[in-house]
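Each chain, letter by letter, is given below.
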Amino acid sequence: MYGRDRQIEKLIKVPQERPNINNNISVVPILGMGGIGKTTLAQFVFNNPEIENYFDKKVWIFVSALFDRFRITKEIVQSLSIDATSKFSYETTNLDLLESELKRCLIGKKKFLLVLDDVWSTEWQQLLAPLKLTSIESIKIIVTSRDPTPLAGLKIQYGYRILLESLYGSYYKSFFIDCVFGNDDPDNYSLALQSIGEQIMEKLKGSPLAKEAVGKVVRDVICLRSIGSMYWIVIYGK
């Protein structure tokens, strides 16, 4: 990842953080505007070998603006039960039964990582209730959100929060070059084309998602050298 070394290092140390919700639960929010790279960062950490080796179980849940406690609880239980023998019926429509099964699935586990991606409101905090009743040693919850609103009511210290800002400077330029040229050498292209590319980069305001999208579009046509510069000019004009 480009320009996120400090945040990655901080998230890798999540297992070492002291609980900030109750005796065994810690919440670590990743905050930033849409397209800034919250989900990408969370995925990078989720798949990190150190994290993989530390936690007994890991679960990734996409929450979205329409919070559905039943759906999310069911998905967590199903993920936890993949390697377990269970006669539990997932056809149930009873939330209490699902939450009881969730607690059962965590019996014997010591460390559990839960990622809640794209959280919009405080409703997700309803998920904490059954987790607080488990005997598991450590539960770490990474929450990605566009703003701190979902954290209302939780006493999460500033040091626990990961605030993502736009990428600028050499990191952003390297990212854009990689998106556009891939393994190709930018020096193989005209200085005029490179100049237009830098102007496009400035218009993207440091957004990794915008840069990736535009970079891929440009890359799709850059092989057509005869129209390459004109196409870039059209994109810049937009």
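Every value quoted in this text rests on a predicted model; they were computed, and no experiment measured them.

Here we take up the packing of aromatic side chains. Taken as a whole and judged by the stated rule, the model has 2 aromatic pairs. For the ring pair Phe 46 and Trp 60, a centre distance of 5.5 Å and an interplane angle of 80° mean the geometry is edge-to-face. With a gap of 14 residues between them, Phe 46 in helix α2 (residues 38-46) and Trp 60 in strand β2 (residues 57-62) connect regions that are remote in the sequence. With a centroid separation of 5.0 Å and an interplanar angle of 80°, the aromatic rings of Tyr 54 and Phe 55 are classed as edge-to-face. Residue Tyr 54 is classed as partly exposed on the basis of its relative accessible area of 32%.

Ranked by internal contacts, the top residues of the largest apolar core, which has 49 residues, are Phe 112, Leu 116, Trp 124 and Ile 141. Sequence-distant contacts of Ile 141, defined by excluding residues within four places in its chain, comprise Ile 25, Ser 26, Val 27, Val 28, Leu 114, Leu 116, Trp 124, Leu 128 and Leu 131.

We now examine the sheet that holds β2. Strand order in the open sheet formed by 5 strands is β2-β3-β4-β1-β5, and the pairing between neighbours is parallel. Each edge of the open sheet is held by one strand with a lone partner, namely β2 and β5 (162-163). Pairing analysis gives 2 bridges linking strand β1 (residues 25-31) to β5, with the strands arranged parallel. Directly across from Ile 30, in β5, lies its bridge partner Ile 162. Most of the contacts of α2 go to β2, to which it runs at about 165°, and overall it touches β1, β2, β3 (111-119), β4 (138-145) and β5. Running at roughly 150° to β2, helix α4 (residues 69-80) makes contact with β2 and β3 of the sheet.

Let's shift gears to the side chain of Asn 24. With respect to the helices, strands and loops of the structure, Asn 24 is situated in the loop between α1 (5-12) and β1. Reaching out from Asn 24, the side chain makes a polar contact with the backbone oxygen of Ile 136 at a distance of 2.9 Å. The contact partners of Asn 24, leaving out residues within four places of it in the chain, are Pro 19, Leu 131, Thr 134, Ile 136, Glu 137, Ser 138 and Ile 139.

Chain-level pLDDT for the protein chain is 77 on average; 63% of the residues reach the 70-or-more range. In this model residues 223-228 is a low-confidence stretch, pLDDT under 50, and it forms 3 contacts with partners more than four residues away in sequence or in other chains. Below a pLDDT of 50 lies the segment residues 230-235, which in the model reaches 15 contacts outside its immediate sequence neighbourhood of four places, other chains included.

A separate point is the environment of Thr 144. Here Thr 144 is to be found in strand β4. The spatial distance from the C-alpha of Thr 144 to the C-alpha of Val 28 is 8.7 Å, given a sequence separation of 116 residues. Excluding its chain neighbours within four sequence positions, the residues that come into contact with Thr 144 are Ile 30, Lys 38, Ala 42, Leu 116, Asp 117, Asp 118 and Val 119. Here Asp 117 takes part through its side chain, which lies 2.6 Å from a polar atom of the side chain of Thr 144.

Let us look at the environment of Ala 65. Looking at the secondary structure, you find Ala 65 in the loop between β2 and α4. Ala 65 has contacts with Asp 118 and Trp 120, leaving out every residue within four places of it along the chain.

The next thing to look at is the packing of α4 against helix α5 (residues 95-105). The N-to-C vectors of α4 and α5 enclose an angle of 30°; their axes lie 9 Å apart at closest approach. Looking at the two axes, α4 sits roughly parallel to α5. Along this stretch, α4 crosses α5, giving a crossing that reads as left-handed. Contacts from Arg 69, Phe 70, Thr 73, Lys 74, Ile 76, Val 77 and Leu 80 of α4 reach α5 at Leu 95, Leu 98, Glu 99, Glu 101, Leu 102 and Cys 105. Residue composition of the contact of α4 with α5, grouped by class: 8 nonpolar, 1 polar and 4 charged.

Thresholds, definitions, all that
- Residues numbered from 1 in each chain as written.
- Predicted model: local features only at pLDDT ≥ 70, side-chain atom pairs only at ≥ 80, totals over all residues.
- Heavy atoms only, no water.
- Phe/Tyr/Trp six-rings, centres within 6.5 Å; stacked < 30°, edge-to-face > 60°.
- Helix = DSSP H or I, 4+ residues; strand = E, 2+ residues; numbered from the N terminus.
- Buried < 20%, exposed > 50% of the residue type's maximum accessible area, 1.4 Å probe, protein only.
- Core = buried A, V, L, I, M, F, W, Y, C linked by side-chain atoms within 4.5 Å.
- Contact = heavy atoms within 4.5 Å.
- Pairing = 2+ DSSP bridges.
- Axes fitted to C-alpha atoms, helices over the stretch in contact; angles between N-to-C directions.
- Polar contact = N/O pair within 3.5 Å; in protein donor to acceptor, adjacent residues only side chain to side chain.
- pLDDT = per-residue confidence, 0-100.
- Parallel < 35°, antiparallel > 145°, perpendicular 65-115°, else oblique.
- Left-handed = near helix turned anticlockwise from the far one by under 90°.
- Nonpolar A, V, L, I, M, F, W, Y, C, P; charged D, E, K, R; others polar.

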